[in-house]
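Listed here are the chains, written in short residue letters.
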Amino acid sequence: MSDDHDHHDGNDDHELRVSKIRDGTVIDHVHGGQALNVLAILGIDGTEGEEVSVGMNVPSDRLARKDIVKVEGRELSQDEVDVLSLIAPDATINIVRDYDVIEKHRVERPDVVEGVLSCPNAGCITTGDEPVTSRFSVLEDGVRCSYCETIVRDEIASLIDT
Ligand SMILES: [Zn+2]
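Residues numbered from 1 in each chain as written. Predicted model: local features only at pLDDT ≥ 70, side-chain atom pairs only at ≥ 80, totals over all residues. Heavy atoms only, no water.

1. Re the coordination of the zinc ion
Listed as protein donors to the zinc ion are Cys119 (SG), Cys124 (SG), Cys145 (SG) and Cys148 (SG); their distances from the metal cover 2.2 to 2.3 Å. One chain supplies every donor to the zinc ion, and in sequence these donors are spaced C-x4-C-x20-C-x2-C. In this pair, Cys124 is assigned in the loop between strand E6 (112-114) and strand E7 (135-139) and Cys148 in the loop between strand E8 (142-145) and strand E9 (151-152), connecting sequence segments 24 residues apart. Of the residues examined, Cys124 reaches a relative accessible area of 3% and is grouped as buried. On the basis of relative accessibility, which here comes to 25%, the residue Cys148 falls in the partly exposed class. (Donors = N, O, S within 2.8 Å, 3.2 Å for Na, K, Ca; no water. Helix = DSSP H or I, 4+ residues; strand = E, 2+ residues; numbered from the N terminus. Buried < 20%, exposed > 50% of the residue type's maximum accessible area, 1.4 Å probe, protein only.)

2. With respect to the pattern of salt bridges
Scanning all chains against the criterion turns up eight salt bridges. Close ionic contact of Arg74 with Glu80 constitutes a salt bridge, the shortest N to O distance being 2.6 Å. Overall, the relative accessible area of 23% leaves Arg74 in the partly exposed class. Notably, a salt bridge pairs Arg144 with Glu149, separated by 3.9 Å at the nearest N-O pair. (Salt bridge = Lys/Arg side-chain N within 4 Å of Asp/Glu carboxyl O.)

3. Description of the sheet that holds E6
Taking strand neighbours across the sheet as the criterion, the four strands line up as E6-E7-E8-E9 in an open arrangement whose pairing is antiparallel. In this open sheet, the two strands that pair with only one neighbour each are E6 and E9. The pairing of E8 with E9 spans two bridges and is antiparallel. By the bridge assignment for E9, Arg144 is matched with Ile151. (Pairing = 2+ DSSP bridges.)

4. Here's the deal with the UniProt feature "binding site: Zn(2+)" (unreviewed entry) in the protein chain
The UniProt entry lists Cys119, Cys124, Cys145 and Cys148 under the feature "binding site: Zn(2+)" (unreviewed entry), expressed in the numbering used here. The annotated residues occupy 30 residues of the chain but converge on a single region, no pair of C-alpha atoms lying more than 8.9 Å apart. Assignment of secondary structure puts Cys119 in the loop between E6 and E7. Taking the relative accessible area as the measure of exposure, Cys119 reaches 7% and is therefore buried. For Cys148, the contacting residues outside a window of four places in its chain are Cys119, Asn121 and Cys124. (UniProt positions renumbered as here; feature names shortened; annotations may be inferred. Contact = heavy atoms within 4.5 Å.)

5. Remarks on the sheet that holds strand E3 (residues 65-72)
Strand order in the open sheet formed by five strands is E2-E3-E1-E4-E5, and the pairing between neighbours is antiparallel. Unpaired on one side and paired on the other, strand E2 (52-59) and strand E5 (100-106) mark the two borders of the sheet. Between one strand axis and the next, the sheet turns by 15 degrees as a mean value, whatever way the strands run. With six bridges connecting them, strand E1 (residues 24-31) and E3 associate as antiparallel partners. Bridge pairing in E3 places Gly24 opposite Glu72. (Axes fitted to C-alpha atoms, helices over the stretch in contact; angles between N-to-C directions.)

6. What to know about the side chain of His29
Here His29 lies in strand E1. His29 gets classed as buried once you look at its relative accessible area, which sits at 12%. Reaching out from His29, the side chain makes a polar contact with the side chain of Thr92 at a distance of 3.0 Å. (Polar contact = N/O pair within 3.5 Å; in protein donor to acceptor, adjacent residues only side chain to side chain.)

7. Examining the pairing of E3
Burial runs high along E3: six of the eight residues are buried. Two elements, E2 and E3, share six bridges in a ladder whose sense is antiparallel. Its bridge partner being in E3, Gly55 is matched across the sheet by Ile68. Joining the antiparallel neighbours E2 and E3 is a turn of five residues.

Below, the structure is given as structure tokens:
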């Protein structure tokens, strides 16, 4: 079985591969393969009828391959953007109104994220019964629990507390 796509569409219309949205958010320049994690961060699993377009492994000038997520009728909270920056540090957030991009900015990595990730260390004070809010320092290449110093570099998305 071959699943080659021997189909040439030309290289000049990458943007058109994912349909335009009217009002909402386009998250562009997501590292290839992270689009589903982006959806997880936004709490989107399709069950609520959200209108979402996802482009995966689209050729990109800035990244070798990028993912694009377009969400109709939704703007992101700062918390969501902060977590997003951890798995998609080069992402661009485009706010779209009436088919026009009215605002466009790069995500910025925060120094600290609180209450959004859960520590993978079962012995950590934040995972016990006591209500201690999780707190992670954001490193160059991962995050570090401020309580038990556990460092997570991969699979950050799996720590997201939803
Ligand atoms: Zn910890």
